[in-house]
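A closer look at the structure
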Amino acid sequence: MLQKKIQDAIDRMVEQGTETGVQVSVYRHGAPVVEAVAGVADPATGRPVTPGTPFWAASTGKGVTATVVHVLAERGVLAYDTPIAELWPEFAAHGKGAATVRHALTHTLGLPGLPPHVTVEDLCDWDGMCALIADLEPWWEPGTRTAYHSHTYGHVLGEVVRRATGRPISRVLREEVAGPLGVADELYFGVPAAEQGRLARLESTPEVEEAVAGMRAMFGAVMPPELVPHAGYGNRADVLAADIPAGGVMTARAVARMYAALLDEVDGVRLISPDRLREISGPAYTGTDEIMGNPATWALGYSLGPLAPARPRAFGMPGMGGSAAYADPESGTVFAVTKNRFDPTAASAVDAVAAIVAGA
């Protein structure tokens, strides 16, 4: 019944023209219960969406980055209250020596912005971006305020992972998370060029492009205009190939499977212990976002509850453009939505799926 309700909902969205291509996956207690797709992955060719079609999913990738950190913490490779500069000495510049991994996970690091000269090409240069970020001055004492770290989140935590393991975060994701879960070809940071032809192509509308232009003005204090995510950004070969773990590339079933393995055992794989699950999924910082002015409550690397109000303990991450993945520890339920109609002004697919799942 749940499968049919969700399939009917996304079919209607495609038929009505509000969506182009959609994937939905739902897990319950470690097992898949819904796998639904609708529409086309590439509007230019008519290539259909399949369950194995990866989508660039903006900040939904931040939840994947957090998960990599938690898997390493579970194994004792790093700790949340370790100063970042202990692993990455250059990061101590300009008074950041006491900033911790916990501060990075909760968007309280004090580095929400990037200088106006940073380009997309710069963002794809891992060493160059990390050197730039290490030399930034914090906007506040780390841990005392919060603002969404739209781009710096990924490079800071990715460099923490690299310094702690000697491996880039894309490789750690493959070897420690995606590979054991059997989704190494569906959950990526840094998509090999040979695999990019499998990806969905993002699209938007003139109305959405106007909205994105407005968001560029709104976010002008924290990021250069060309770094505001949009369909063209998510289709760029260099962006897709680079490690930019503030976003990610995924199928709905792969990211749902990852969250399911945080809650329960999935085909013999459980990523973290029940004790750590309780630690990472509860409120870790509550305050007012210094940039956008909204109330913000962060778990350790995840947003809490706003897309599933009937499930207040649900944790996960939405992505600008309309993707999302959330896990509810109370019910053991996970849902994920990926889509290629990029629209930062609407979350109709996610809202509809969340409502159906919450009512099931």
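For the structure itself, look to the data block above.
In this report, the structure presented in the accompanying data block is examined. (Residues numbered from 1 in each chain as written. Predicted model: local features only at pLDDT ≥ 70, side-chain atom pairs only at ≥ 80, totals over all residues. Heavy atoms only, no water.)

1. Some thoughts on the environment of glutamate 121
Locating glutamate 121 in the fold gives a position in helix α5 (residues 120-123). Taking C-alpha positions, glutamate 121 is 29 Å from threonine 20, a pair spaced 101 residues apart along the chain. Excluding residues within four positions of it along the chain, glutamate 121 makes contact with Glu226, Arg236 and Asp238. Of note is the side chain of glutamate 121, whose polar atom sits 3.1 Å from the side chain of arginine 236. (Helix = DSSP H or I, 4+ residues; strand = E, 2+ residues; numbered from the N terminus. Contact = heavy atoms within 4.5 Å. Polar contact = N/O pair within 3.5 Å; in protein donor to acceptor, adjacent residues only side chain to side chain.)

2. Topic: helix α1 (residues 2-15)
Helix length check: α1 (14 residues) gives 20 Å between terminal C-alpha atoms against 20 Å at 1.5 Å per residue, within 8%. Looking at α1, one finds that the buried residues are Leu2, Ile6, Gln7, Ala9, Ile10 and Met13. Taken end-on, α1 shows its buried residues confined to a sector of 160 degrees, consistent with a single buried face. Exposed side of α1, more than 90 degrees from the buried face: Lys4 and Glu15 are the residues found there. As for α1, its buried residues are in contact with β1 (21-28), β2 (31-42) and α14 (348-359). One or two residues past the end of α1 sits glycine 17, with phi positive at roughly 85 degrees. (Expected span 1.5 Å × (residues − 1). Buried < 20%, exposed > 50% of the residue type's maximum accessible area, 1.4 Å probe, protein only. Arc of directions from axis to C-beta.)

3. Some remarks on the packing of helix α2 (residues 60-74) against helix α8 (residues 169-178)
Packing of α2 against α8 brings their axes to within 10 Å, and their N-to-C directions diverge by 65 degrees. On the basis of the axis angle, α2 is roughly perpendicular to α8. The two elements α2 and α8 cross, and the hand of that crossing is left-handed. Across the interface between the two elements, Val64, Thr65, Val68, Val71 and Leu72 of α2 pack against Ile169, Val172, Leu173, Glu176 and Val177 of α8. Its residues assigned to classes, the contact of α2 with α8 shows eight nonpolar, one polar and one charged. (Axes fitted to C-alpha atoms, helices over the stretch in contact; angles between N-to-C directions. Parallel < 35°, antiparallel > 145°, perpendicular 65-115°, else oblique. Left-handed = near helix turned anticlockwise from the far one by under 90°. Nonpolar A, V, L, I, M, F, W, Y, C, P; charged D, E, K, R; others polar.)

4. A word on a negative patch on the surface
Side chains of Asp122, Asp125, Asp127 and Glu226 sit close together on the surface and give a patch of like negative charge. On the secondary structure map, aspartate 122 appears in helix α5. (Patch = residues over 30% accessible without salt bridge, like charges linked within 9 Å, V, L, I, M, F, W, Y side chains within 5 Å. Areas by Shrake-Rupley, 256 points an atom, 1.4 Å probe, with all protein chains shown as cover. Salt bridge = Lys/Arg side-chain N within 4 Å of Asp/Glu carboxyl O. Lys, Arg positive; Asp, Glu negative; His and termini not counted. Charge placed at Lys NZ, Arg CZ, Asp CG, Glu CD.)

5. Structural notes on the pattern of salt bridges
Scanning all chains against the criterion turns up 20 salt bridges. Arginine 75 is the partner of glutamate 176 in a salt bridge, and the nearest nitrogen-oxygen pair spans 2.1 Å. Of this pair, glutamate 176 sits in helix α8 while arginine 75 sits in the loop between α2 and α3 (84-87); the two residues are 101 residues apart in sequence, bridging distant segments of the chain. In this structure glutamate 176 comes out as buried when scored by relative accessible area, which is 14%.

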